[in-house]
Amino acid sequence: MPETDLLWMSLLVFLPAGFAAGLLLFPSRWVEAMRWWALFGTAGTLSVSLCVLVGYYNMLDRQQDRSGRPLHSVHTRLDARADQAASDAARDVPRYLADDWVARRPWIDRFDVDFALGVDGISLPLAVLTALVTFLAVVASWKIDRSVRGYLALVLLLETGVLGAFLALDFFLFYVFYEVMLLPMYVLIGLWGGGRRRYAALKFVLYTLLGSVGLLVALIGLYSANVRDFVDQDEVKTKATMLQKATPGLTAEEALTRVEVHTFDFVTLSKVGRAVMLVLNGQADRLAVKPKTTARDEPTGADGKQVQLLSPGVDRAAAIDRLRAQAVCTKEFQYLMFVLLFAGFAVKVPIVPLHSWLPDAHVEAPTPISMILAGVLLKLGGYGLIRVAFPVCPWAANELAWWVGLIGVIGIVYGAFVAMGQTDFKKLLAYSSVSHMGFVVLGLAAWSAGSGSKYWEWGVSGALFQMVAHGITASALFFIVGVVYDRAHHRDLNKFGGLYEPMPLYSGLSAVLFFASMGLPGLCGFFGEFTVFMAAWSYSPALAVPAVLSVILTAGYLLWAWQRVYFGTNPGTKTFPDLSPREAAVLIPFALLAIALGVWPNLVMSWMEPSVGGWVANMAALKP
Amino acid sequence: MLTPSNIDALQTALGSDLLLFLPELVVAGGVVFLLLCRLVKALDRSHLGGVAVAVLGVALLVAVVGVREAAGSAAVSTPYFAGMLISDPFSAFVRTLLLAAALLTVLLTLLTGIPDRDDSGDFYALLLGGTLGMMLMTAANHLMLVFIAVEMASLPSYALAGFLKGRRQGSEAALKYVVFGAGASGVMLYGISLLAGTFGTGYLPNLASAVAARMGAAGGFDPLLLTGLTLVFVGLGFKLAAVPFHFWCPDVFEGAAAEVAGFLSVASKAAAVALTARLLLTLQAAGSTMGASPASPWLLPGTVGLGVGIAGAVTVTFGNLAAFGQTNLKRLLAYSTIAHAGYMLLGVAVLTPAAASAVLYYLVAYLLMNLGAFAVVALVRNATGAEDLAAYRGLVWRSPVLAVTMALFLFSLLGFPPLAGFAGKFQVFAAVYDAGKGASGAGRPDLGTAFYALFAVGAVNTAISAYYYLRVVRAMILDAPGSTVSSPKSGAVDPVPVSPDLGPANSGPATPYAASVYLTVLAALLVAAGVVWNPITAATDRAAAAFVPAVRVPGPNAGGAAQR
């Protein structure tokens, strides 16, 4: 009997793939029916994602923290839920109606890979965003008329890959989904794209593939760590008995000492990473064992100095010795893993200098694919940094934080400058994406601790909020380009102008989204950038100042573009019709969301922040 | 020496021995039957593919049932025929794989119409004969039988390579293959005689203990041993098409029919990998149990293993780089085959049972994806008469099934999850990494670094191989149909038009349908084997357990096996 949350999350991930398979049954002449079918599928996925959101919010809301606030209980944090689920699994506790939104099933025994899905405030906003953007992208795809079946099937498959990557709690599963979405994207750009589509598609795949080889190496490297002191001890005992059975002449004690546990689980790997950070910083004495009772109190120890990472029932001294003896507990290993992970995700974000695939891919991709690419795929890079690179290798992340921040700032400033020089509308937006995603990196890197950990929390939640906001504005702006391209059949900024007159609705909605992208207060772009600035300032003014100044650049290129496209008079554009109802149906939700999130960031922050807070608390406690 | 008591013992053993040998007997019977068919007019006139399918099907059934029994009876190794052959889970697994490869090849030939009716008897007799030789390679337990089996697998292959009569390229390929093969087997025979002469035995377990003892005493190689082993590996390297003994491979694959090339690339390679793994792991098992010093488990991986690993690294790099410039699909796939042999050698080189299990998984995936790729090449050849990249331009518009399945095969070769090729590659890489970790942990950091380097070479190669696989995908899916292709008249409507003179029964649209089903089944299996690992890893683990040393030493295999 499967758990209900497992059912919901699996449905969310595989529903698009199911609809893609369904497309194959349509007779090839029923093109319109296929479109509606795909629309229905993405709408269904969006509904399921909202159901998961409601379920998750309920779960948060039911528990209160020590001071009686709802939503902030430590027991609803991802790692607490995952630990509880793991120990329940080890004791075979039935969980038919579980609603902890963490579910795992054994998948590949040989490598202890689990089919593990879970949501928290970090992954869920991005998952909902994915479902929304894909839905609107399918609406925007109505004009695609070349092999519609293949196109829609690939879009749906892509959605499954992205949602799976966001929901995966197992590194291996994450990697599989991460790769699954690469191929649909390759074909979508390469087959339905513009003139240089084949070049752009190949470039996209080669860059991403190089990144994912880095991930693969890190995957195998991290798997080699022996995590026996960080998982439920009942599981270790079970493994020891199995080992004893398999090896004749082995006593129970020997088996228990010899048993090794390896895992791809993000939560466990992160615990190992944090323990390693303490050991490498010479603070092994702060490493503590979790109390056996599932006490309903805050998990930090009595004096606030202890970091409880080891599982209940572990011999602390032996565990630290075992950890020290491992390759994972060396500086070289941590540096190497962090660099591999960072580079792997940096390609996706994209971070300068690994960004050069992005302008090409954006320019050549058809409009709906650009929307998905900018709105969703880039977020996977940022999500990977938050979910994998930083928590799994915190020591190296801390050592290199300033440099990471510097890379982010370079991306912000460089992207803005290059965007200013573009005459191609889509290229301008592509470079503005590079610039905006730099804020995500900067926010993550603003690593400070102690009294400053509040600032870092701002930085991380700002980074996450920025990802959501950028997902909305960037998708919408690419659609805006698509609309005008459908009418003008070019994207040259210098040849536009005067669009305001024939297309007032279009121009009005564009204005909202342009200003949202610029970071105007009251619209969704402001909040994320502002909190990132706050965090960056408290971390290092040297990084914050150029980032803040780049706002002027951003305003400059966006306003200039706005002016060139919409103002003035232009006889060439006089006859353009205003938005069709279908086009309006795509843009209006984006514009409404941009306003809603700008006026009331709590719409997302209220359930996003507790998870971010937990994430930061875990990491910030590592610094003395 | 045949004393009466010896003969008695042989006779009592014969019954059970023949039972173990049943799949081989079925195949041998099939060869004889196919040859006899030539004498009967009615049979001589008919296409004998059905007979081959029946023979291989029965053999496969018998082999699978045998595997089941072996699984039930605690997976014992039984030497039989006076120790010439060995029946263990490893040989049973690879034997099943070989029979499946042969069966799939025969089914493919039925779909593509090569061979035609006149030659079918000879063709299938050769194919079955080659399969028999390969099955013996996997079970050989004596150096003499190693040689005989290699020859038995090679000779039919030579003839098969040149089977397309009247094609200069085919004859040239066959001749090149023969010359290379003769040279390589001569060298191998020399190595075998050196080893057998030095140690006074060709029986592998005894030989392995003797080698281990001698190496332990000398603390490494002496020239004689080194020469003997190297020469044996030259012969195996030829079968594997490992650099620098790979020169025949692209030419032979280009000259031979795609079906034959597919069979050679899959079955022949599987048998060669299995034989190499058996030789090395038997040596390793003997070496690690013999050793008194803690270093002895690492003696062999640090010498022979490292050599094989370096050969594998060179092979995989060379194969991938050479494939970059190819425009003929069969040549491209030939170089890709060389590269894949290199990946498998990387896995074999670390000499752990875990790695052997990973290599077996790789073989399963490789069977499906490589045979599938060659099947598509054969079908496209039937439709367009061309085998170069230009013929694949815009294939997706002419025949979506061919293009999509080919894309899946190629992505699997590239190692994309969730396809079986990724599963195999991942396990091999993980095993190599694990061995590196084990070596570093056991006081051999130099060896550990070397294994890590092998791992890195494999990973980098995966990335660079993307380029040429994607080139084919790009031609098939992204390019517009080229004008250079002699496109069939009804190409836009008819998915896979088969040129009428090649079709077995001239059945028109029925063949493409069957071909689509064939390819779809292969692709579905490929996805299934990439998603559902557990049953296959259970089988490969059981097969590789044949090489776990009887007494457990915390040696190179401790890391991999101890966690379960």
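The preceding data block contains the structure.
The rules behind the values
- Residues numbered from 1 in each chain as written.
- Chains lettered and ligands numbered in written order.
- Predicted model: local features only at pLDDT ≥ 70, side-chain atom pairs only at ≥ 80, totals over all residues.
- Heavy atoms only, no water.
- Helix = DSSP H or I, 4+ residues; strand = E, 2+ residues; numbered from the N terminus.
- Buried < 20%, exposed > 50% of the residue type's maximum accessible area, 1.4 Å probe, protein only.
- Contact = heavy atoms within 4.5 Å.
- Areas by Shrake-Rupley, 256 points an atom, 1.4 Å probe, with all protein chains shown as cover.
- Rg over C-alpha atoms; globule rule 2.2 N^0.38 Å.
- Lys, Arg positive; Asp, Glu negative; His and termini not counted.
- Charge placed at Lys NZ, Arg CZ, Asp CG, Glu CD.
- Buried area = accessible area lost by both parts, 1.4 Å probe.
- Salt bridge = Lys/Arg side-chain N within 4 Å of Asp/Glu carboxyl O.
- Polar contact = N/O pair within 3.5 Å; in protein donor to acceptor, adjacent residues only side chain to side chain.
- 1 Å grid on protein atoms, 1.4 Å probe; cavity = no way out; pocket = protein on both sides within 12 Å on 5 of 7 lines; lining within 4 Å.
- Points joined across faces, edges and corners; volume = space filled by probe spheres on them.
- Nonpolar A, V, L, I, M, F, W, Y, C, P; charged D, E, K, R; others polar.
- Domains from an automatic or database assignment.
- Phe/Tyr/Trp six-rings, centres within 6.5 Å; stacked < 30°, edge-to-face > 60°.

**Overview of the overall build of chain B**
Thought 1: A tally of regular secondary structure across chain B gives 22 helices and 2 strands.
Thought 2: For chain B, with 564 residues in total, the buried portion stands at 60%.
Thought 3: For chain B, the share of sequence-separated contacts (at least 6 apart) that also reach a separation of at least 24 residues comes to 80%.
Thought 4: Of the roughly 19100 Å² of accessible surface on chain B, a fraction of 70% belongs to carbon and sulfur atoms.

**Describing the overall build of chain A**
Thought 1: A count of helical and extended segments in chain A gives 24 helices and 4 strands.
Thought 2: For 624 residues, the compact-globule estimate of 2.2 N^0.38 gives 25 Å, and the C-alpha radius of gyration of chain A, at 25 Å, lies within 12% of that figure.
Thought 3: Judged by the C-alpha coordinates and their principal axes, chain A covers about 90 × 60 × 45 Å.
Thought 4: Summarising the internal contacts of chain A: among those between residues at least 6 apart in sequence, 80% fall at separations of at least 24.
Thought 5: As displayed, chain A has an accessible area near 21200 Å², and 64% of this comes from carbon and sulfur atoms.
Thought 6: Both charge centroids of chain A, one from 48 positive and one from 46 negative side chains, sit 6 Å from each other.

**A look at the interface of chain A and chain B**
Thought 1: Contacts between the two partners involve 45 residues from chain A and, on the opposite side, 38 residues from chain B.
Thought 2: Note on chain A versus chain B: buried area summed over both sides is about 3800 Å², and carbon and sulfur give 72% of it.
Thought 3: When the area that chain A buries against chain B is broken down by residue, the three leading residues are A:Arg110, A:Arg198 and A:Ile220, summing to 19%.
Thought 4: At the boundary of chain A and chain B, one finds 2 salt bridges.
Thought 5: Between A:Arg110 and B:Asp541 there is a salt bridge whose closest N-O contact spans 3.3 Å.
Thought 6: Applying the counting rule to chain A against chain B returns 9 residue pairs in polar contact (both at pLDDT 80 or more).
Thought 7: Among the elements of the structure, β1 (102-108), α6 (171-180), α7 (182-192), α8 (197-223) and α9 (233-246) of chain A are those that each provide at least two residues to the side of chain A that touches chain B.
Thought 8: A total of 15 residues in the side of chain A that touches chain B trace back to one element, the largest contributor, which is α8(A).

**A few points about unusual backbone geometry**
Thought 1: Of note, the bond from A:Val349 into A:Pro350 is cis; its omega dihedral lies within 30 degrees of zero at -10 degrees.
Thought 2: Within the fold, A:Pro350 resides in the loop between α13 (331-348) and α14 (357-364).
Thought 3: B:Ile114 connects to B:Pro115 through a cis peptide bond whose omega is 5 degrees.
Thought 4: Inspection of the secondary structure assignment puts B:Pro115 in the loop between α5 (89-112) and α6 (120-139).
Thought 5: At A:Trp101, a residue that is not glycine, the phi angle is positive and equals roughly 55 degrees.
Thought 6: Its place among the elements puts A:Trp101 in the loop between α3 (78-90) and β1.
Thought 7: Accessibility expressed as a relative area gives 5% for A:Trp101, which makes it buried.
Thought 8: Of note, the phi angle at B:Ala241 is positive, near 60 degrees, even though the residue is not glycine.

**Quick word on empty space enclosed by the protein**
Residues and elements named next belong to chain A.
Thought 1: Throughout the structure, instances matching the rule amount to 19 cavities of 30 Å³ or more.
Thought 2: The computed volume of the largest cavity comes to approximately 240 Å³.
Thought 3: What lines the largest cavity is a set of 16 residues, and nearest its centre among them are Leu-78, Asp-79, Arg-387, Trp-615 and Asn-618.
Thought 4: Elements that contribute at least two residues to the lining of the largest cavity include exactly α3, α11 (266-280), α15 (367-392) and α24 (602-620).
Thought 5: Across the lining of the largest cavity, the residue classes break down as 7 nonpolar, 4 polar and 5 charged.
Thought 6: Mapped onto the domain boundaries, the lining of the largest cavity takes at least three residues apiece from domain 1 (228-330) and domain 2 (400-619).

**Things to note about the packing of aromatic side chains**
Thought 1: Evaluated as defined, the whole model comprises 69 aromatic pairs over all chains.
Thought 2: With 4.9 Å between their ring centres and 70 degrees between their planes, A:Phe465 and A:Phe527 make a pair best called edge-to-face. Of this pair, A:Phe465 sits in helix α19 (residues 453-488) while A:Phe527 sits in helix α21 (residues 524-539), placing them 62 residues apart in sequence.
Thought 3: Ring geometry for B:Phe426 versus B:Trp533: centroids 6.2 Å apart, planes at 65 degrees, classification edge-to-face. On the criterion of sequence distance, the pair formed by B:Phe426 in helix α18 (residues 420-441) and B:Trp533 in the loop between α20 (510-531) and α21 (534-544) is long-range, its members being 107 residues apart.
Thought 4: The exposure class of B:Phe426 is buried, given its relative accessible area of 1%.
Thought 5: According to the relative accessible area criterion, B:Trp533 is buried, its value standing at 1%.

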